[in-house]
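One letter stands for each residue in the lines below.
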Amino acid sequence: MIRLSVLDQSHISEGRTARDALSETTRLAQEAENSGYTRFWVSEHHAFKALAHSSPEVLIAHLAAHTSHIRLGSGGVMLPHYSAYKVAENFRLLEALHPGRIDVGFGRAPGGLPLSTRALQEGKYSDIDNYPEQVTDVMAYLHDALPEDHPYARLKASPMIATAPPVWLLGSSNESARIAARLGVSYGFAQFFGVTGGDEAFRLYREAFRPSPYQEKPMSLAAVLVICAETDEEANRLAASSDLFFLRLERGLEQDSLPSVETAYDYPYTELDMDIIRRGRQRRFVGSPETVKEQLLALSERFRTDELMVVTPVHDFAARIRSYQLLAEAFELKK
């Protein structure tokens, strides 16, 4: 049976605050655990007013302290901003505190606008072409396996522990899939961005995968946008918020919250706006449990992946929780 997990970005819903959003993230993690979801990941974004968190490592520690067994991870750390050594220390500490529950997911996108990137990398030379080497270094620090000719060969990442969190590479392109396959790590495809190309990315990953000292077989997941309600009509009503949110995003408009359904209904859409929304909906999964389950199973079969990671940007928190509950029931996650 397919595994389902959760990706949370801590959207700040219209009329609420960042503190409200972080509280909702905590409650959602607890609900995901109770409903039988496999893992709960949090993202990294910078200087984005509509999202409440920027440091997945800090939030993972908080969520781990408020749950008991669900896996927690980063979806993902934007590695080119940081030192591989420091990232390894952060995740070793998380693994030491919560052994067997931590995933470390990496991305190579900036996670923000050029100004925040410059601030994050102040005084540091960063080259995105070094990303594979950074990932290799993090894995070596996590496993005490730096090669003898490495400039920091004698350096250990603290704390010294016997286990290490698994590494995932995240992306929405063939290049990310190739890097994950070459390094022998797990791969996550960000389909919820509304991008195409998942079929080819997963095929490249499977065919090019080379077993590594840390992972023998390919493992993958697709992150998808899902809004589920008792009926197709209600799900489509709830989805109006995310329709407007992603429309504004595509238009390059600044926004400080996830709009309410009422705000979305009152928005003065143009015909071009409606065309953008219709095209976006083709790569999202909105409907009743029966509708959504059928669509997700078809996607999983097409991508040949047995795990889907669900992101659900719904303004009303109770309806958002209910969406995840209905999905868990439809897939019999607790069976």
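Each value, and the rule that gives it
Residues numbered from 1 in each chain as written. Predicted model: local features only at pLDDT ≥ 70, side-chain atom pairs only at ≥ 80, totals over all residues. Heavy atoms only, no water. Core = buried A, V, L, I, M, F, W, Y, C linked by side-chain atoms within 4.5 Å. Buried < 20%, exposed > 50% of the residue type's maximum accessible area, 1.4 Å probe, protein only. Helix = DSSP H or I, 4+ residues; strand = E, 2+ residues; numbered from the N terminus. Contact = heavy atoms within 4.5 Å. Pairing = 2+ DSSP bridges. Salt bridge = Lys/Arg side-chain N within 4 Å of Asp/Glu carboxyl O. Patch = residues over 30% accessible without salt bridge, like charges linked within 9 Å, V, L, I, M, F, W, Y side chains within 5 Å. Areas by Shrake-Rupley, 256 points an atom, 1.4 Å probe, with all protein chains shown as cover. Lys, Arg positive; Asp, Glu negative; His and termini not counted. Charge placed at Lys NZ, Arg CZ, Asp CG, Glu CD.

A. Here's a closer look at the nonpolar core. Counting 66 residues, the largest nonpolar core has Tyr37, Phe40, Phe106 and Leu169 as the members making the most contacts within it. Element by element, the count of residues in this core is highest for helix α5 (residues 131-142), at 7 residues. Apart from the residues within four sequence positions on either side, Leu169 is in contact with Phe106, Tyr131, Val135, Ile179, Ala180, Leu183, Val185, Ser186, Tyr187 and Gly188. Membership of the second largest hydrophobic core comes to 23 residues, among which are Trp41, Leu258, Val286 and Val311.

B. Quick peek at the pairing of strand β10 (residues 307-311). Most of β10 sits inside the fold, with 5 of its 5 residues counted as buried. Side-chain alternation along β10 places Glu307, Met309 and Val311 on one buried face and Leu308 and Val310 on a second face that is also buried. Bridge analysis of strand β1 (residues 3-8) against β10 gives 4 bridges, and the strand direction is parallel. Paired with Val6 across the strands is Val310, a residue of β10. Across 4 bridges, strand β8 (residues 220-228) lies against β10 in parallel orientation. Residue pairing in the sheet places Val224 in a bridge with Val310 of β10.

C. Here's a closer look at the pattern of salt bridges. Taken as a whole, this structure holds 20 salt bridges when the rule is applied. We note a salt bridge from Asp8 to Arg320, for which the minimum N-O separation is 2.4 Å. Highlighted residues: Asp8 in strand β1 and Arg320 in helix α13 (residues 317-330), separated in sequence by 312 residues. Arg320 matches Asp8 in its accessibility class, with the two residues each being buried.

D. Layout of a negative patch on the surface. Residues Glu14, Asp256, Glu262 and Asp266 make up a contiguous surface patch of negative charge. Residue Glu262 is classed as exposed on the basis of its relative accessible area of 52%.

By themselves, these figures tell us nothing about what the structure is for.
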